[in-house]
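So the chains spell out like this:
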Amino acid sequence: MLFSLPSQSNKLITTQFVSAKLFDDNYIDKIVNDLSDNDWQDTLVNKNSNDVKSENRICQSQIPKNLPLEELLRAVKQVNNEYWKLNISHIDLAFDSPQVCKYNEGGLFNWHIDTTKDKSTRKLAFTMQLSDPKDYEGGDLQFFDGDKTRLNTELRNKGTIIIFPSFVWHRITPITKGTRLALVGWVHGDCIK
């Protein structure tokens with residue numbers, strides 16, 4: 001005989017992402033203007049515990065000098081408390097610092113998740129749009145939802161932060177024109193087992 005038990009789970013755990021305008025254009029412009037033309041590095045992917053160049057991720061990145069860490073962490077914690085209720089604790093500035101990614105024409109990041117055996121403490125990821133949507137074509141952040149996968153143009157708005165669990169499949173579609181800048185980072189917690 002089976003007993004019907006009421007669900008004790010988080011009913012919102014299936015929410016793939018949450019987005020909101022976090023900063024105004026002037027603040028975003030300050031972040032972008034503080035970036036150095038000389039500090040861009042090819043972004044690598046981790047394959048078999050080694051960082052390597054890959055055709056699956058074509059972009060450059062740099063760690064920005066001035067990050068709004070308190071505001072970012074506060075926004076992520078607020079969204080987490082409302083949606084996923086994951087055990088999160090910190091942004092890891094020593095080994096997994098937030099970075100600005102620059103996608104030029106041809107740049108992309110194919111389907112992936114942000115949690116790996118080497119990054120198993122990543123609980124939530126965030127992306128903040130630094131570019132005006134008129135500055136580039138393609139380059140959409142897209143979340144995998146089977147045959148319902150679609151583009152969401154709201155996610156292109158400058159100053160918008162998109163927060164999602166690190167185990168959600170997502171990608172950046174190829175840039176066909178212009179340059180897309182985005183601040184990306186992760187909030188950590190205990191190891192996902």
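No experiment lies behind these values; they were computed from the predicted model shown. (Residues numbered from 1 in each chain as written. Predicted model: local features only at pLDDT ≥ 70, side-chain atom pairs only at ≥ 80, totals over all residues. Heavy atoms only, no water.)

Chemist: Describe the overall build of the protein chain, naming the residues involved and giving the relevant values.
Modeler: Along the protein chain, the regular secondary structure elements total two helices and 16 strands. Scored against the burial criterion, the 193 residues of the protein chain give a buried share of 45%. A separation of at least 24 residues holds for 85% of the contacts in the protein chain among residues at least 6 apart in sequence. Roughly 11100 Å² of accessible area belongs to the protein chain as shown, and the carbon and sulfur atoms make up 50% of that amount. (Helix = DSSP H or I, 4+ residues; strand = E, 2+ residues; numbered from the N terminus. Buried < 20%, exposed > 50% of the residue type's maximum accessible area, 1.4 Å probe, protein only. Contact = heavy atoms within 4.5 Å. Areas by Shrake-Rupley, 256 points an atom, 1.4 Å probe, with all protein chains shown as cover.)

Chemist: How would you summarise the sheet that holds strand E5 (residues 57–58) if you had to cite specific residues and measurements?
Modeler: As a general point, the strands of a sheet are linked pairwise by backbone hydrogen bonds and lie either parallel or antiparallel. The strand order across the open sheet formed by four strands is E5-E9-E14-E12, and the pairing between neighbours is antiparallel. If you trace the sheet from one side to the other, it starts and ends with E5 and strand E12 (141–143), each paired once. Summarising the sheet, E5 and strand E9 (residues 108–112) pair through two bridges and their orientation is antiparallel. Each bridged residue has a counterpart across the sheet, and for Ile58 the counterpart in E9 is Leu108. (Pairing = 2+ DSSP bridges.)

Chemist: Describe in detail a nonpolar patch on the surface, supporting the description with residues and values.
Modeler: Together, Trp111, Phe144 and Trp169 line one region of the surface with nonpolar side chains, adding up to about 320 Å² of accessible area. The topology assignment puts Trp111 in strand E9. According to the relative accessible area criterion, Trp111 is partly exposed, its value standing at 31%. (Patch = residues over 30% accessible without salt bridge, like charges linked within 9 Å, V, L, I, M, F, W, Y side chains within 5 Å. Salt bridge = Lys/Arg side-chain N within 4 Å of Asp/Glu carboxyl O.)

Chemist: Could you give an account of the packing of aromatic side chains, naming the residues involved and the relevant values?
Modeler: Tallying each qualifying case throughout the model produces five aromatic pairs. Ring centres 5.8 Å apart and planes at 40° place the aromatic pair Tyr83 and Trp84 in the tilted group. Their ring planes at 75° and their centres at 5.0 Å tell us that Phe143 and Phe164 sit as a pair that is edge-to-face. Of this pair, Phe143 sits in strand E12 while Phe164 is found in strand E13 (residues 160–165), placing the two residues 21 residues apart along the sequence. (Phe/Tyr/Trp six-rings, centres within 6.5 Å; stacked < 30°, edge-to-face > 60°.)

Chemist: I'd like a description of the confidence of the model for the protein chain, backed by residues and values.
Modeler: Per-residue pLDDT for the protein chain has a mean of 89; in total, 90% of the residues score no lower than 70. Here strand E4 (residues 50–52) stands out as the least confident element of the protein chain, with mean pLDDT 69; strand E15 (residues 175–178) is the most confident, with 98. (pLDDT = per-residue confidence, 0-100.)

Chemist: An account of the pairing of E9 is needed here, citing residue identities and associated values.
Modeler: Here two bridges tie E9 to strand E14 (residues 170–172), and the two strands are oriented antiparallel to one another. Bridge assignment links His112 to a residue of E14, and that residue is His170.

Chemist: Explain the environment of Thr176 residue by residue, including any values.
Modeler: Structurally, Thr176 can be placed in strand E15. For Thr176 and Gly107, which are 69 residues apart along the polypeptide, the C-alpha to C-alpha distance reads 8.2 Å. Among residues more than four places away in sequence, those in contact with Thr176 are Glu105, Glu137 and Gly138.

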